Amino acid sequence: MLEIIQNLASQTGFATLDWKNYLMILISFVLMYLAIAKGFEPLLLVPISFGMFLVNMFPGIIEEGGLLHYFYMLDEWSILPSLIFMGVGAMTDFGPLIAYPPSFILGAAAQFGIYGAYFLAILFGFSGKEAAAISIIGGADGPTSIFLAGKLGMGGTLMGPIAVAAYSYMSLVPVIQPPIMKALTTEKERVVRMPQLRQVTKLEKILFPIIVTLVVCLILPTTAPLVGMLMLGNLFRESGVVKQLTETSSNALMYIVVILLGTSVGATTSAEAFLKVSTLKIVVLGLVAFMLGTAMGVLFGKLMYIVTKGKVNPLIGSAGVSAVPMAARVSQKVCSEYDPTNFLLMNAMGPNVAGVIGTAVAAGSFLAIFNVH
């Protein structure tokens, strides 16, 4: 009987957990609070924070044979991030980008933050592949961050901190971006009224995903899993003949994938893997990358303001990061603080959806550099 009691006692959490696990559990509660009470990306942070909670209560859940281990393998195999891109494509209207192609420039400009953070990460002592996986956080795109980290072999070491940082900064877009936008623009620039976008034809919307896939994947075949699925979802939407596929990919399938991806990513943040100096470096570098991306987008917006003689509002440049549609809404919010009657949202959506493509291209360029397929 004594032996039975000892065996039972040795299996309790009190006997197996240490202070690091309890600290991580506390962090998971903070993330839950931000998601539930403050509304910071709850669809992502709720499953991530609960996955973090689970793995630090029961580490075996992510080990081989544990439930979340099999969920996590779908991350490493790039299946879940690619399916999320299909759902994003099915939900996204590329019309604003088609109507105003110069938006591509702003979407591309925001990716400078990624490349700047890449070189900074190398200076911080990370290897080339680690630096690439970390720097993609600057695109404010969680699925792409997970996709690249998995492809570069960072699954067992850096994927958890990278994913948590990426999704945290996505949720904090309304907090991080406005001070940068205001610091780099004048009040005169912030109230610029942009002309209404032209009406995009159905044929243009159908051809767009096909042409983008053709061009991007011919130049960078490594982007095919992300760009291909993004454009497939968009073709579902714009073709108008597969309503069931559009609804499934943008709703039921999307939510199932978010549950699997969120909990499995959260489960990679065990105390042993997360509480390291490298984690703090990743959080700092991710923030720097995101801030640089926002700043470069705004600065290119100012350049377009000058070139067009005041016809482009530089605030739309901040939407060049990949957080759709939150970054575009932030552009609208900052603009409306100075002119409540100025409707900038649709103009900002162009750079915003261009940023989704740009971040995927940036990830593909890193894969090509390191010869990873």
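Refer to the structure printed above.
Sequence order sets the numbering: in each chain, residues are counted from 1 along the sequence as written. Residues qualify for local features only when their pLDDT is at least 70, as the model is predicted, and side-chain atom pairs are given and counted only at 80 or more; totals for whole chains, interfaces and linings, by contrast, use all residues. Derived side-chain values reflect all non-hydrogen atoms in the structure, with water molecules and hydrogen atoms excluded from consideration.

Asker: Please give an account of the overall build of the chain that cites residues and values.
Answerer: Note on conventions: DSSP H or I runs of at least 4 residues are helices, E runs of at least 2 residues are strands, and numbering of each starts at the N terminus. A count of helices and strands for the chain gives 21 helices and zero strands. Only the C-alpha atoms count toward the radius of gyration. The rule for a globule is 2.2 Å times the residue count to the power 0.38. In terms of C-alpha radius of gyration, the chain reaches 21 Å, essentially the compact-globule figure of 21 Å for 373 residues. Taken across its 373 residues, the chain has 54% of its residues classed as buried. Two residues form a contact once any of their heavy atoms are found within 4.5 Å. In the chain, the proportion of contacts linking residues at least 24 apart, taken out of those at least 6 apart, comes to 79%. About 16,200 Å² of surface is accessible on the chain, with carbon and sulfur atoms providing 71% of the total. Positive: Lys, Arg. Negative: Asp, Glu. His and the chain ends are not part of the count. Just so you know, the charge point we use is NZ for Lys, CZ for Arg, CG for Asp and CD for Glu. Charge-centre separation for the chain: the mean point of 20 positive side chains lies 14 Å from the mean point of 18 negative side chains. To sort residues, take the accessible area from a 1.4 Å probe on protein chains only and compare it with the maximum for the residue type: under 20% means buried, over 50% means exposed, and anything in between is partly exposed. Working definition of accessibility: Shrake-Rupley area with a 1.4 Å probe, residue cover restricted to the visible protein chains.

Asker: Just give me the short version of the pattern of salt bridges, but keep the residues and values in it.
Answerer: Salt bridges are defined by distance alone: a side-chain nitrogen of Lys or Arg within 4 Å of a carboxyl oxygen of Asp or Glu. For the structure on display, the rule yields seven salt bridges. Note that Glu-337 and Lys-182 form a salt bridge whose closest N and O atoms lie 2.9 Å from each other. A residue pair is termed long-range when its members are at least 10 positions apart, and Glu-337 in helix 20 (residues 326-338) and Lys-182 in helix 13 (residues 173-184) qualify at 155 residues. Take Glu-337: its relative accessible area is 40%, and that puts it in the partly exposed class. Residue classification places Lys-182 among the partly exposed residues on the basis of a relative accessible area of 29%. In this structure, Glu-337 engages Lys-333 in a salt bridge whose closest nitrogen and oxygen atoms are separated by 3.4 Å. Of this pair, Glu-337 and Lys-333 both sit in helix 20, four residues apart, which is roughly one turn of the helix. Salt bridges here are not isolated pairs; linked through shared partners, they connect Lys-182, Lys-333 and Glu-337.

Asker: Tell me what's going on with helix 20, and back it up with residues and numbers.
Answerer: With 13 residues, helix 20 should cover 18 Å at 1.5 Å per step; its first-to-last C-alpha distance of 19 Å lies within 8% of that length. Considered for burial, the residues of helix 20 that qualify are Met-326, Ala-327, Ala-328, Val-330, Ser-331, Gln-332, Val-334 and Cys-335. Tucked into the core, helix 20 has its buried residues touching helix 12 (159-171), helix 13, helix 14 (187-190) and helix 21 (345-369). To estimate the expected span of a helix, count its residues, drop one, and scale the result by 1.5 Å.

Asker: Run through the environment of Ile-282, naming residues and quoting values.
Answerer: Along the chain, the position of Ile-282 falls in helix 19 (residues 277-307). Placed 89 residues apart in sequence, Ile-282 and Asn-371 show a C-alpha to C-alpha distance of 24 Å. Apart from the residues within four sequence positions on either side, Ile-282 is in contact with Phe-126, Ile-134, Ile-137, Leu-158, Pro-161 and Ile-162.

Asker: I'd like a rundown of a nonpolar patch on the surface, residues and numbers included.
Answerer: On the surface, a cluster of nonpolar side chains totalling about 790 Å² of accessible area is made up of Leu-203, Leu-207, Ile-210, Ile-211, Leu-214, Val-215, Leu-218 and Ile-219. By the element assignment, Val-215 lies in helix 15 (residues 202-219). A relative accessible area of 41% places Val-215 in the partly exposed class. Two joining distances apply to patches: 9 Å for like charges and 5 Å for nonpolar side chains (Val, Leu, Ile, Met, Phe, Trp, Tyr), and every residue must have over 30% relative accessible area and no salt bridge.

Asker: Can you break down the packing of helix 20 against helix 21 residue by residue, with the values?
Answerer: Orientation of helix 20 relative to helix 21, taken along the N-to-C sense of each, is 140 degrees, at an axis distance of 8 Å. The hand of the helix 20/helix 21 crossing is right-handed. Counting all contacts with helix 20, which are made through Met-326, Ala-327, Ala-328, Arg-329, Ser-331 and Gln-332, the residues of helix 21 involved are Leu-345, Ala-348, Met-349 and Asn-352. Any residue that is not Ala, Val, Leu, Ile, Met, Phe, Trp, Tyr, Cys, Pro, Asp, Glu, Lys or Arg is counted as polar, Gly included; the first ten are nonpolar and the last four charged. Classifying every residue of the contact of helix 20 with helix 21 gives six nonpolar, three polar and one charged. Lines fitted to the C-alpha atoms define the axes, with helices restricted to the stretch that makes contact. Angles between their N-to-C directions range from 0 to 180 degrees. Crossing handedness is read from the near helix: turned anticlockwise from the far helix by less than a right angle, it gives a left-handed crossing, and turned clockwise, a right-handed one.

Asker: Account for the packing of aromatic side chains, naming residues and giving values.
Answerer: Any two of the Phe, Tyr and Trp rings considered here, Trp counted by its six-membered ring, make a pair once their centres fall within 6.5 Å; the pair's planes then place it as stacked at under 30 degrees, edge-to-face at over 60, or tilted in between. Counted by the stated rule, this structure contains seven aromatic pairs. Their ring planes at 35 degrees and their centres at 5.3 Å tell us that Phe-94 and Phe-208 sit as a pair that is tilted. Residue Phe-94 is located in the loop between helix 6 (79-91) and helix 7 (95-99), and its partner Phe-208 is located in helix 15; the two are separated by 114 residues in the primary sequence. Plain terms: the ring middles of Phe-112 and Phe-300 are 5.9 Å apart, the flat faces sit at 20 degrees to each other, and that makes the pair stacked. Here Phe-112 is found in helix 9 (residues 112-123), whereas its partner Phe-300 is found in helix 19, with 188 residues between them in sequence. The exposure class assigned to Phe-112 is partly exposed, which follows from its relative accessible area of 45%.

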